[in-house]
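# Remarks on the overall topology
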Amino acid sequence: MMKQALSVFCGELRLSVGYGLGPALICPRCGSDYLHSGAVKVYDREEDAAETSVTTVNHGLAATHVVESSKAGNPSSRRQGIAVAFECEECEGPLELLIAQHKGGTFVTWRYAPRQPPRAVIDTLELAVSGDRKVR
Ligand SMILES: [Zn+2]
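Residues numbered from 1 in each chain as written. Predicted model: local features only at pLDDT ≥ 70, side-chain atom pairs only at ≥ 80, totals over all residues.

## A closer look at the overall build of the protein
Counting its secondary structure elements, the protein contains 1 helix and 9 strands. Secondary structure elements of the protein, listed N to C terminal, follow the sequence β-β-β-β-β-β-β-β-β-α. Residue burial in the protein is summarised as follows: out of 136 residues, 21% are buried. Sequence separation of at least 24 residues holds for 48% of the intrachain contacts in the protein that already meet a minimum separation of 6. (Helix = DSSP H or I, 4+ residues; strand = E, 2+ residues; numbered from the N terminus. Buried ≥ 20, exposed ≤ 12 C-beta atoms within 10 Å, placed from the backbone. Contact = placed C-beta atoms within 7 Å.)

## Brief notes about the pairing of strand β7 (residues 81-88)
The pairing of strand β4 (residues 35-44) with β7 spans 7 bridges and is classified as antiparallel. If you follow Leu-35 over to β7, its bridge partner there is Cys-88. Here β7 folds back onto strand β8 (residues 95-102), and the loop between the two strands holds 6 residues, one of which, Gly-93, carries a positive phi near 120 degrees. (Pairing = 2+ DSSP bridges.)

## Things to note about the environment of Ala-85
Along the chain, Ala-85 falls in strand β7. By the C-beta count within 10 Å, which is 18 here, Ala-85 ends up partly exposed. Sequence separation of Ala-85 and Asn-58 is 27 residues, and the distance between their C-alpha atoms is 9.8 Å.

## A short note on the nonpolar core
In terms of nonpolar packing, the biggest core is built from 12 residues, these being Leu-25, Ile-26, Cys-27, Ile-82, Ala-83, Cys-88, Leu-95, Leu-97, Leu-98, Ala-100, Trp-110 and Tyr-112. Secondary-structure elements contributing two or more residues to this core are β7, β8 and β9 (105-112). When residues of this core are assigned to their parent elements, the largest contribution, 4 residues, is made by β8. When neighbours within four sequence positions are excluded, Ala-83 is seen to be in contact with Lys-41, Pro-75, Glu-96 and Leu-98. (Core = buried A, V, L, I, M, F, W, Y, C linked by C-beta atoms within 7 Å.)

## A word on the environment of Pro-114
Along the chain, Pro-114 turns up in the loop between β9 and α1 (119-130). Taking the C-alpha atoms as reference points, Pro-114 and Cys-30, 84 residues apart in sequence, are found 9.8 Å from one another.

Right, dumping it as structure tokens:
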């Protein structure tokens with residue numbers, strides 16, 4: 001799988017009818033409901049504190065680090081937050097379901113990198129920009 005930087009693209013939460021276990025999450029990037037959960041990050045921060053405690057649980061292990069709040073990646077700009085990583089079977093790139101507390105409300109959204117165009121489209125665009133007419 002191609003590694004991509006995680007951009008801040010917020011997406012609305014959409015659910016499918018599911019498969020007998022209740023509604024299933026739908027990928028905000030491609031619309032598939034074949035999502036696999038991965039690492040879970042818990043951001044523990046007192047209101048506007050300079051540091052945030054970030055606990056990551058992944059593959060049976062847990063690690064906690066205290067980091068500068070502005071660099072923590074916390075979905076909440078002022079308090080606690082949770083991020084659950086997902087992989088989609090139908091598209092590539094990082095994808096996180098976020099829960100963030102802000103001013104007494106709790107908000108749920110997605111953070112993900114945008115969908116990449118197929119390699120052939122990228123090649124065509126690069127050729128158009130460079131003016132290079134050579135066939136690769
Ligand atoms: Zn997808």
